[in-house]
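As a plain string of letters, each chain reads:
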Amino acid sequence: MKKLDKNQTQGIYKYYENNPESADEKIFGRVSYPDRRGFLKGAGLATMAAVLGGAIPFHRNMPAGIIPAAFAEGLDNVVIEGKDGLTVLNDRPMNAETPPHLLDDDVTPTKHHFIRNNGIPPMQADPASWKLTIDGLVDKPLTLSIADLKKNFEVVEQQLVVECGGNGRAFFDPKASGNQWTYGAVACSNWTGVRLADVLKAAGVKKDAVYTAHYGADTHLSGDASKLPISRGVPMVKAMGKENLIAFAQNGEALHPMNGAPLRLVIPGWPGSCSQKWLKRIQIRDQIHDGPKMMGTAYRVPNRPIAPGEEVAKEDFEIIERMPVKSLITSPQTNSQVNGSEAMIRGHAWSGDRMVKKVQVSIDFGATWMDADLAKPNNTGAWQTFKAKVKFPQAGYYEVWAKATDDKGISQPFAIAWNPKGYLNNTFHRIALIVKG
Ligand SMILES: Nc1nc2c(c(=O)[nH]1)N[C@H]1C(S)=C(S)[C@@H](COP(=O)(O)O)O[C@H]1N2
Ligand SMILES: [Mo]
């Protein structure tokens, strides 16, 4: 786990300074009992274990409100259990991204799947007792266990891209507030579950249905039980797509606690925020959903091109639907050295709900481009892998740029289309190489 810098670690100490007991709860979701013994279980315990780097056998004895000794030396050794090599951007809530070279696999291993939490993961995440409710504008509301889902619906496995709407935010100027994601708030794991559409059909969606509303079991950072950290939805036409899953397995195993165990939605190609983790309820609505992070400027962009820094009225923001065409160079790692005059460039490309038609790479700052070999996606919603052998004319410093074009002829731009919240940055990915010749 990468070191956190001073500014990042300050957060955690401030919470402990102000109110140690609520700090526990806010950071780890720990419940303090009156006898001042901390009591952690389920994902709350998992979060703490994740941050500390191992399960805590004597967690029942752990006094509430103490700063774990692991932090006394700073957060240098922060390890998220079951994750490897992620860069922590925020410890409250936990947000961590993956460096591009760790996304080189065609199917992203769970240990390299990023984490984007808006609140505190639930303490109870028992797959045996978990229930999902489908209600609202349906003929027959359903309450289903995970066993019911497996028994009553076709179980399918699909490689699906989840990308945060704010991926690339770090490169906006003027800066946009929020997690400063660089490249790695994206992944394409292999998900197992049942089709969202099949479950909705079984419930019988009524004619006047417009939108879904997704609810998870995580809690608000404030500790206020009446508030939800996030509840988003998608239009019925998207919800009925065959690509969307209600998933109970990730790469053949139970979901990682930070990726929504035991049950989540995976809505590929749309902002990751549509893919509710710790999924408890899907309500069918007769209007566009108005849950937390649906309204105002959250996951919305201006309805017209604007100048960097320009103020935009709230009513001029529209909901982000599909994610734009994008590519990522995953090998070689940036800033690495090339011995010889050739390098094999590898990476992935995707375009929400569309196919990528072409990926090109440039080693001369975009003056000339060559076509990369581009594989077909494994299934709808998966990313496509590209590779290209490039030849360097002489030793020196090079940048390799990649540019994807989708089946509607839309390419990644060179310059950032600025927007106030820093969403949808799909400019070229660039890596630096030192060619020794
Ligand atoms: N319940 C719940 N679901 C959630 C979130 C959350 O905070 N709570 N974050 C969303 C956002 S903004 C993203 S980008 C994805 C990230 O999924 P991951 O953490 O598994 O990578 O989960 C989405 N689902
Ligand atoms: Mo996100």
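Everything here concerns the structure above.
Residues numbered from 1 in each chain as written. Chains lettered and ligands numbered in written order. Predicted model: local features only at pLDDT ≥ 70, side-chain atom pairs only at ≥ 80, totals over all residues. Heavy atoms only, no water.

Visitor: Explain the side chain of N419 to me, and be specific about the residues and the numbers.
Guide: Relative to the helices and strands, N419 resides in the loop between β24 (396-406) and β25 (429-435). N419 gets classed as buried once you look at its relative accessible area, which sits at 4%. From its side chain, N419 meets the backbone oxygen of Y423 in a polar contact 2.8 Å long. When residues no more than four places from it in sequence are discounted, the contact partners of N419 are F172, V301, P302 and I306. (Helix = DSSP H or I, 4+ residues; strand = E, 2+ residues; numbered from the N terminus. Buried < 20%, exposed > 50% of the residue type's maximum accessible area, 1.4 Å probe, protein only. Polar contact = N/O pair within 3.5 Å; in protein donor to acceptor, adjacent residues only side chain to side chain. Contact = heavy atoms within 4.5 Å.)

Visitor: Let's hear about helix α6 (residues 196-203): which residues, and what values?
Guide: Among all positions in α6, only L196, A197, V199, L200 and A203 are buried. The buried residues of α6 occupy an angular sector of 165° when projected down its axis, which confines them to one face. Immediately downstream of α6, the backbone of G204 shows phi near 75°, a positive value. (Arc of directions from axis to C-beta.)

Visitor: Summarise the site of ligand 1; cite the residues concerned and give the values.
Guide: The immediate surroundings of ligand 1 are formed by 19 residues, with F114, N118, D218, R264 and K277 found nearest. Side-chain polar atom of N259 to an oxygen atom of ligand 1: 2.8 Å apart, as the coordinates give it. Side-chain polar atom of R264 to an oxygen atom of ligand 1: 2.7 Å apart, as the coordinates give it. The fraction of the free accessible surface of ligand 1 (530 Å²) that becomes covered by protein chains is 100%. In terms of residue class, the shell around ligand 1 is built from seven nonpolar, eight polar and four charged. (Near = heavy atom within 4 Å. Areas by Shrake-Rupley, 256 points an atom, 1.4 Å probe, with all protein chains shown as cover. Nonpolar A, V, L, I, M, F, W, Y, C, P; charged D, E, K, R; others polar.)

Visitor: Residue-level account of the environment of I146, with values.
Guide: In this fold, I146 is placed in helix α5 (residues 146-152). As for I146 and G193, which are separated by 47 residues in sequence, their C-alpha atoms are 9.5 Å apart. If sequence neighbours within four positions are ignored, I146 has contacts with P127, W130, F248, P262 and L263.

Visitor: Any chance you could break down the sheet that holds strand β23 (residues 384-391) for me, citing the residues and the numbers?
Guide: Spatially, the four strands line up as an open sheet ordered β17-β19-β23-β22, and their pairing is antiparallel. Of all the strands in the sheet, the pair left with one neighbour each is β17 (326-331) and β22 (373-374). Pairing geometry for β17 and strand β19 (residues 342-350), over five bridges, is antiparallel. Pairing of L328 across the sheet is with H348, part of β19. (Pairing = 2+ DSSP bridges.)

Visitor: Summarise the packing of aromatic side chains; cite the residues concerned and give the values.
Guide: The tally for this structure, following the rule as stated, stands at 10 aromatic pairs. The interplanar angle of 25° and the centroid separation of 5.3 Å between the aromatic rings of Y299 and Y423 together place this pair among those described as stacked. One end of the pair, Y299, is in the loop between β14 (279-285) and β15 (300-302); the other, Y423, is in the loop between β24 and β25, and 124 residues separate them in sequence. Residue classification places Y423 among the buried residues on the basis of a relative accessible area of 5%. Among the aromatic residues, those joined into a ring-pair cluster are F365, W369, W401, F414 and F428. (Phe/Tyr/Trp six-rings, centres within 6.5 Å; stacked < 30°, edge-to-face > 60°.)

Visitor: Let's hear about a nonpolar patch on the surface: which residues, and what values?
Guide: On the surface, F365, Y397 and I434 cluster together into a nonpolar patch covering about 300 Å² of accessible area. Topologically, I434 is positioned in strand β25. Relative accessible area serves as the criterion here: at 34%, I434 is assigned to the partly exposed category. (Patch = residues over 30% accessible without salt bridge, like charges linked within 9 Å, V, L, I, M, F, W, Y side chains within 5 Å. Salt bridge = Lys/Arg side-chain N within 4 Å of Asp/Glu carboxyl O.)

Visitor: Now, about the sheet that holds strand β20 (residues 356-362): what can you tell me, with residues and values included?
Guide: The strand order across the open sheet formed by five strands is β18-β25-β24-β20-β21, and the pairing between neighbours is mixed. With partners counted over all chains shown, the strands left at the sheet margins are β18 (336-338) and β21 (370-371), one partner each. By the bridge criterion, three bridges tie β18 to β25 in an arrangement that is parallel. By the bridge assignment for β25, Q337 is matched with I434.

Visitor: Which residues make up the pattern of salt bridges, and what values do they have?
Guide: The full count for this structure, using the stated rule, is 18 salt bridges. The partner of R430 in a salt bridge is E399, and the shortest N-O contact between them spans 3.0 Å. Placement of the pair is R430 in strand β25 and E399 in strand β24, with a sequence separation of 31 residues. What you see here is one network of salt bridges that share partners, running through D104, D106 and R346.

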